[in-house]
Amino acid sequence: MDEEGRGQTCHLLDLPWEDVLVPHILSYLPLQHIVSLQRVSKQFHSLVQVYLANCKTFNFSAIGPSIPKEAFCAMLKDNKVLQNLSLQNCSDWVTDKELLPVIGQNQHLQRVDMSGCGSLTRHSLVAVSLSCMHLQHLGLAHCDWVDCLSLRSLADHCGGLRSIDLTACRQLKDDAICYLAKKCSELKSLSLAVNANITDESVEEVAKNCRGLEQLDLTGCLRVRNQSIRTLAEYCPKLQSLRVNHCHNVTESSLDPLRKRNVVIDVEPPLPRALVLLQDMLGFAPFINLQI
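Residues numbered from 1 in each chain as written. Predicted model: local features only at pLDDT ≥ 70, side-chain atom pairs only at ≥ 80, totals over all residues. Heavy atoms only, no water.

Student: Please clarify how the sheet that holds strand E1 (residues 57-59) should be interpreted in this entry.
Tutor: Picture the strands of a sheet paired through backbone hydrogen bonds; they go either parallel or antiparallel. Taken in spatial order, the 9 strands make up an open sheet running E1-E2-E3-E4-E5-E6-E7-E8-E9, and their pairing is parallel. Of all the strands in the sheet, the pair left with one neighbour each is E1 and strand E9 (264-265). Where strand E6 (residues 189-191) and strand E7 (residues 215-217) come together, 3 bridges link them in parallel fashion. Across the sheet, residue Leu-190 finds its bridge partner in E7, namely Leu-216. (Pairing = 2+ DSSP bridges. Helix = DSSP H or I, 4+ residues; strand = E, 2+ residues; numbered from the N terminus.)

As C-alpha cells, then:
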C-alpha cells in the first residue's frame, strides 16, 4: 500500500447508509440500542432517522413500559413502509392519539399486535380495517374495547386474515364471530378463549367456513358443547391444535376422534375405569402397560 493509501482512514459512517449500515448492521440491533445510538452524535442521529423511516418491523414489547409516548410518535412519524407492529406491554401510554397517525400512513401492515392495550378504543380497530387491506395477523387479546361493530368492519375489509387472537374480548358474541368466519374464510389460527358469550353456534360457523383452520383456542368457553367439537372434527381436516381446558361441557366422546388424528389437545384423556378403581383402592395410580 502506498503512502497515500495508508493515510486514509475509513470510518463507520463513511459506509453507504441505506445499502450497508441500515440493512446489514442496524437491522440486527435491539430497538433500545437504536434509541440510544442516536444520542451519540448528530451524524448518528441522522443515520437512525434513516433507519426508522425505512424499518419494516417495530416490536415495542421489550421497551414498551419505559418508552415515552413522545418518543414513539417521533420514531414513527416518517415511516410509511411498516409491515409488522407489536405494541404489547405498551398499555400504560398508547392511546388512539398516538396510534391512529401511524396506522393511517402505513397501508402495507401485515401483522399488528395490540394485545393488552386497554387504553385504545374501537376507533383503532376500525382504522386498521380501513387502512390495512393486506393484514394477515392481528392480536387483540385482553382488549375489552373490541365490540361487534368494529369486528364487523375488520371482517368486511380484511378478508385475507390468517390469524386473530380475541382472547378475553368479552363484548363479542356469536353474531360477530359468525360474521367474521363467513368473511375471513382463510383463517388458520383463532382464539376465542375466556369468553362466556361464545356458544356452539360460533364454533360450528367457524368450522364450516374456515376449513383450513389449524389452531383453535376455546379455553374457558363454558357454553361450548360436544356437538360443535364434532362439527369441528368433520369440517376441519387440517386442525393441529385444540385448547378446551375449562370447557366443562366438552367430553372425551367428542375429543377422541380428534386425538386419533393426532390433534394436540390440552386436556388429558380420562383414565380407563379399571385404573380409576385401582387408584381409589390403592391411593395412587399404578403403572400398567396398556399395550399388552
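Student: Looking at this model, I keep getting lost on the state of the cysteines. Mind explaining?
Tutor: Note: disulfide means a covalent bond formed between the sulfur atoms of two cysteine side chains. Inspection of every chain in the model, using the stated rule, returns 0 disulfides. Unpaired in terms of disulfides, Cys-117 finds its nearest cysteine sulfur in Cys-90, a separation of 5.9 Å. On the basis of relative accessible area, Cys-117 is assigned to the buried category, the value being 0%. Cys-247 provides the cysteine sulfur closest to Cys-221, a residue in no disulfide bond, and the two sulfurs are 5.4 Å apart. (Disulfide = S-S within 2.5 Å. Buried < 20%, exposed > 50% of the residue type's maximum accessible area, 1.4 Å probe, protein only.)

Student: Teacher, can you tell me more about the nonpolar core here?
Tutor: Where a protein is soluble and globular, its nonpolar side chains tend to be buried together. Judged by nonpolar contacts, the single largest core of 88 residues is most densely connected at Phe-60, Leu-140, Ile-164, Leu-166, Leu-218 and Leu-242. The element best represented in this core is helix H4 (residues 42-54), accounting for 6 residues. Beyond its immediate sequence surroundings of up to four residues, Leu-242 is in contact with Leu-216, Leu-218, Ile-229, Leu-232, Leu-255, Leu-258, Val-263, Val-264, Ile-265 and Asp-266. (Core = buried A, V, L, I, M, F, W, Y, C linked by side-chain atoms within 4.5 Å. Contact = heavy atoms within 4.5 Å.)

Student: For this particular structure, what's the right way to read the packing of aromatic side chains?
Tutor: This structure, assessed with the given rule, holds 3 aromatic pairs. Three or more aromatic residues joined by ring pairs form one cluster here, namely Phe-58, Phe-60, Phe-72 and Trp-93. The ring of Tyr-179 carries Arg-152 above its face, with NZ or CZ at 4.2 Å from the centroid. (Phe/Tyr/Trp six-rings, centres within 6.5 Å; stacked < 30°, edge-to-face > 60°. Lys NZ or Arg CZ within 6 Å of the ring centre and 35° of its normal.)

Student: Sorry, what's going on with helix H8 (residues 148-157) here?
Tutor: Given 3.6 residues per turn, any residue in an α-helix points the same way as the ones three and four places further on. Those residues of H8 that fall on the buried side of the exposure criterion are Cys-148, Ser-150, Leu-151, Ser-153, Leu-154 and Ala-155. Contacts made by the buried residues of H8 are with helix H7 (122-131), strand E4 (137-139), strand E5 (163-165) and helix H9 (174-183).

Student: Hey, could you run me through the pattern of salt bridges in this one?
Tutor: Opposite charge on two side chains makes pairing possible when the charged atoms of those side chains draw close. One pass over the full model with this rule turns up 9 salt bridges. Across the pair Arg-170 and Asp-144 runs a salt bridge whose closest N-O atoms are separated by 3.9 Å. Here Asp-144 lies in the loop between E4 and H8 and Arg-170 lies in the loop between E5 and H9, a separation of 26 residues in the sequence. On the basis of relative accessibility, which here comes to 48%, the residue Arg-170 falls in the partly exposed class. (Salt bridge = Lys/Arg side-chain N within 4 Å of Asp/Glu carboxyl O.)

Student: What am I meant to see in the layout of surface pockets here?
Tutor: The probe, sized like a water molecule, is rolled over the atoms to show the empty space still left. Reported here for the largest pocket is a volume of approximately 230 Å³. What lines the largest pocket is a set of 17 residues, among which Ser-163, Ile-164, Asp-165, Ser-189 and Gln-215 lie closest to the centre. When residues of the lining of the largest pocket are traced back to their parent elements, those giving at least two are strand E3 (111-113), E4, E5, E6, E7 and strand E8 (241-243). Looking at the lining of the largest pocket, its residues break down into 5 nonpolar, 7 polar and 5 charged. (1 Å grid on protein atoms, 1.4 Å probe; cavity = no way out; pocket = protein on both sides within 12 Å on 5 of 7 lines; lining within 4 Å. Points joined across faces, edges and corners; volume = space filled by probe spheres on them. Nonpolar A, V, L, I, M, F, W, Y, C, P; charged D, E, K, R; others polar.)

Student: What am I meant to see in a nonpolar patch on the surface here?
Tutor: On the surface, a nonpolar cluster with roughly 280 Å² of combined accessible area is contributed by Leu-12, Leu-15, Ile-25 and Leu-29. Its place among the elements puts Leu-29 in the loop between helix H2 (17-24) and helix H3 (31-37). A relative accessible area of 32% means that Leu-29 is categorised as partly exposed. (Patch = residues over 30% accessible without salt bridge, like charges linked within 9 Å, V, L, I, M, F, W, Y side chains within 5 Å. Areas by Shrake-Rupley, 256 points an atom, 1.4 Å probe, with all protein chains shown as cover.)

Student: I would appreciate a short explanation of the side chain of Ser-254 in the present structure.
Tutor: Along the chain, Ser-254 falls in helix H12 (residues 252-260). Its relative accessible area of 1% is what places Ser-254 among the buried residues. A polar atom in the side chain of Ser-254 sits 2.7 Å from the side chain of Asn-226. Among the polar contacts made by the side chain of Ser-254, one reaches the main-chain carbonyl oxygen of Thr-251 at a distance of 3.1 Å. Apart from residues no more than four positions distant in its own chain, Ser-254 is found in contact with Asn-226, Ile-229 and Arg-230. (Polar contact = N/O pair within 3.5 Å; in protein donor to acceptor, adjacent residues only side chain to side chain.)

Student: Honestly, the confidence of the model for the protein in this entry has me stumped. Any pointers?
Tutor: With 89% of its residues at a pLDDT of at least 70, the protein reaches an overall mean of 89. When the criterion is pLDDT under 50, residues 288-292 qualifies, and its contacts beyond four places in sequence or with other chains add up to 3 contacts. (pLDDT = per-residue confidence, 0-100.)

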